[in-house]
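Now for the letters of each chain:
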Amino acid sequence: MRLLVLHGPNLNLLGSREPGLYGSCSLEQINASLHEQAARLGVELLSFQSNHEGALVDRIQAARGDTDGILINAAAYTHTSIALRDALLAVDLPFVELHLSNTHSRELFRHHSYLADRAVGVICGFGSTSYRLALDGLVDHLRLSRP
């Protein structure tokens, strides 16, 4: 099983960006922990971060045909990007939306997601643990949905 984790805009600043809200783990630490977890689960995991919407769309499209599912923290693009939604729908891969913070306890504009209604599941509010929960959930979903 091969999975892709996508990190959206400003997540490259994790660890130093508003640690009270997003935690003190860096993106590198999150990726390292995810790769260790994936190895324990017997899953190959690829990771990609970009601050650019088009680069994320390109990476989603590139996943078509060689990836079984996607974990996506689209960050601010969650609330604005029809292009990311359309790309995820076009590749027809199961995906889990995740967020470090509880987006529903924040500003009203963060309450709406362009991705959530098509996601296998949505995880938010658990800090870096959200990634671990999302990975476990997606792997379980994929293993249960295979004949």
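Computed from a predicted model, the values in this text were never measured in an experiment. (Residues numbered from 1 in each chain as written. Predicted model: local features only at pLDDT ≥ 70, side-chain atom pairs only at ≥ 80, totals over all residues. Heavy atoms only, no water.)

## Some details on the nonpolar core
As a reminder, the rule being used: For the purposes of this section, nonpolar cores are sets of buried Ala, Val, Leu, Ile, Met, Phe, Trp, Tyr and Cys residues that join through side-chain atoms within 4.5 Å. We call a residue buried when its accessible area falls under 20% of the maximum for its residue type, exposed when it is over 50%, and partly exposed in between, using a 1.4 Å probe and counting protein chains only. Secondary structure elements are taken from DSSP: a helix is a run of H or I of four residues or more, a strand is a run of E of two residues or more, and numbering for both begins at the N terminus.
Within the largest apolar cluster, 21 residues are counted, with the highest numbers of intra-cluster contacts made by Leu 3, Leu 34, Leu 71, Tyr 131 and Leu 135. If you list the elements that add at least two residues to this core, you get strand S1 (2-7), helix H2 (27-41), strand S4 (95-99) and helix H5 (129-145). Ranked by residue count, the leading element in this core is H5, at six residues. Listed in part, the 18 residues of the second largest apolar core include Leu 56, Ala 63, Val 91 and Leu 115.

## Some remarks on the side chain of Thr 67
Note the cut-off: Whenever two N or O atoms come within 3.5 Å, that pair is a polar contact, provided that in protein one can donate a hydrogen and the other can accept it, and provided that, for residues adjacent in sequence, both atoms are side-chain atoms. Contacts are assigned to residue pairs that have any heavy atoms within 4.5 Å of one another.
Within the element layout of this structure, Thr 67 appears in the loop between helix H3 (53-63) and strand S3 (69-73). On the basis of relative accessible area, Thr 67 is assigned to the buried category, the value being 5%. Engagement of the side chain of Thr 67 in a polar contact is seen with the side chain of Asp 66, the distance being 2.9 Å. Beyond its immediate sequence surroundings of up to four residues, Thr 67 is in contact with Arg 2, Leu 3, Leu 4 and Leu 93.

## Regarding the packing of H2 against H5
Just so we agree on the cut-off: To get an axis, a line is fitted to the C-alpha atoms, and for a helix only the part in contact is used. The angle between two axes follows their N-to-C directions and goes from 0 to 180 degrees. Roughly parallel means an angle under 35 degrees; roughly antiparallel means over 145; roughly perpendicular covers 65 to 115; every other angle is labelled oblique. We call a crossing left-handed when the near helix sits turned anticlockwise from the far one by less than a right angle, and right-handed when that turn is clockwise. Side-chain classes follow a simple rule in which Ala, Val, Leu, Ile, Met, Phe, Trp, Tyr, Cys and Pro form the nonpolar group, Asp, Glu, Lys and Arg form the charged group, and the remainder, Gly included, forms the polar group.
Running from N to C, H2 and H5 point in directions that differ by 30°, and their axes come no closer than 10 Å. Judged on the interaxial angle alone, H5 and H2 are roughly parallel. Considering only the axes of H2 and H5, their crossing is right-handed. Of the residues in H5, those touching H2 at Ile 30, Leu 34, Gln 37, Ala 38 and Leu 41 are Tyr 131, Arg 132, Leu 135, Asp 136, Val 139 and Arg 143. Considered class by class, the residues forming the contact of H2 with H5 number seven nonpolar, one polar and three charged.

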